[in-house]
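Architecture at a glance
Below are the chains, spelled out letter by letter.
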Amino acid sequence: MTDLATSSPAAEAWALMQRLFGPQRKRFMALAAEYELSPPQLGALKALDPEHPVAMSELAGILGCDNSNVTGIVDRLEYRGLVERRPAEHDRRVKLLALTDQGRELRRSIGDRLHAPPRELETLSQADQRALRDILQRAFED
């Protein structure tokens, strides 16, 4: 690991963010197991838009995997009644994925837990939380 005493402030911030977010992977994995989902299935549920069906190829792009891998992921979600395949109006060969009511509810429940801030951020003062938010927002401005 980089010696924080001799690195740049950006490297120090990045090292601290890694330390904060690294354990979140365990949280994601535990949540997937709790709901009897594989991590890719949980990632797919999280990526699907509850209001707008998504093409399977688009989901593959979001998940960073091949279309053939998405087929297996979707098969298992469909078997559980969480998603359904629909033909696209513009091209029946294109399959769109839509969350079922059960899928939308599960996505919401999981999302509430996944998006809850880690304890380390919750313990910061409101002023520090706002300052951190504002700094991170500036990092994404063009």
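Since the model is a prediction, treat every value here as computed from it, not as a measurement.

The next subject is the environment of Leu45. Locating Leu45 in the fold gives a position in helix α3 (residues 39-47). Look at Leu45 and you get buried, because its relative accessible area is 1%. The sequence separation of Leu45 and Leu82 amounts to 37 residues, and the corresponding C-alpha distance is 8.4 Å.

All right, on to a nonpolar patch on the surface then. A surface patch of nonpolar side chains, about 190 Å² in accessible area, is lined by Leu124, Leu132 and Leu136. As for its placement among the helices and strands, Leu124 is situated in the loop between α7 (119-122) and α8 (126-139).

What follows deals with unusual backbone geometry. Backbone geometry places Glu36, a non-glycine residue, at a positive phi of 55 degrees. Within the secondary structure layout, Glu36 lies in the loop between α2 (24-34) and α3. According to the relative accessible area criterion, Glu36 is exposed, its value standing at 66%.

In this section: the sheet that holds strand β1 (residues 54-55). A sheet is described by the order of its strands in space; here 3 strands give the open sequence β1-β3-β2, paired in antiparallel fashion. Of all the strands in the sheet, just β1 and β2 (83-87) have a single pairing partner and so form its edges. Pairing analysis gives 2 bridges linking β1 to strand β3 (residues 95-99), with the strands arranged antiparallel. Across the sheet, residue Val54 finds its bridge partner in β3, namely Leu97. The strands touched by helix α5 (residues 67-79) are β2 and β3; relative to β2, the strand with the most contacts, the crossing angle is about 115 degrees.

Quick look at the pattern of salt bridges now. Applying the stated rule across the entire model yields 10 salt bridges. Between Asp75 and Arg85 there is a salt bridge, and its shortest N-O distance comes to 2.6 Å. Linking Asp75 in helix α5 with Arg85 in strand β2, this pair joins segments that are 10 residues apart in sequence. A salt bridge links Arg108 to Asp112, with the nearest nitrogen and oxygen atoms 2.8 Å apart. Note that Arg108 and Asp112 are positioned in helix α6 (residues 101-114) at a spacing of 4 residues, about one turn of the helix. Residue classification places Arg108 among the partly exposed positions, given a relative accessible area of 42%. Among the ionic contacts, a cluster of salt bridges with common partners joins Asp75, Glu78 and Arg85.

Reading guide: rules and limits
Residues numbered from 1 in each chain as written. Predicted model: local features only at pLDDT ≥ 70, side-chain atom pairs only at ≥ 80, totals over all residues. Heavy atoms only, no water. Helix = DSSP H or I, 4+ residues; strand = E, 2+ residues; numbered from the N terminus. Buried < 20%, exposed > 50% of the residue type's maximum accessible area, 1.4 Å probe, protein only. Patch = residues over 30% accessible without salt bridge, like charges linked within 9 Å, V, L, I, M, F, W, Y side chains within 5 Å. Areas by Shrake-Rupley, 256 points an atom, 1.4 Å probe, with all protein chains shown as cover. Salt bridge = Lys/Arg side-chain N within 4 Å of Asp/Glu carboxyl O. Pairing = 2+ DSSP bridges. Contact = heavy atoms within 4.5 Å. Axes fitted to C-alpha atoms, helices over the stretch in contact; angles between N-to-C directions.

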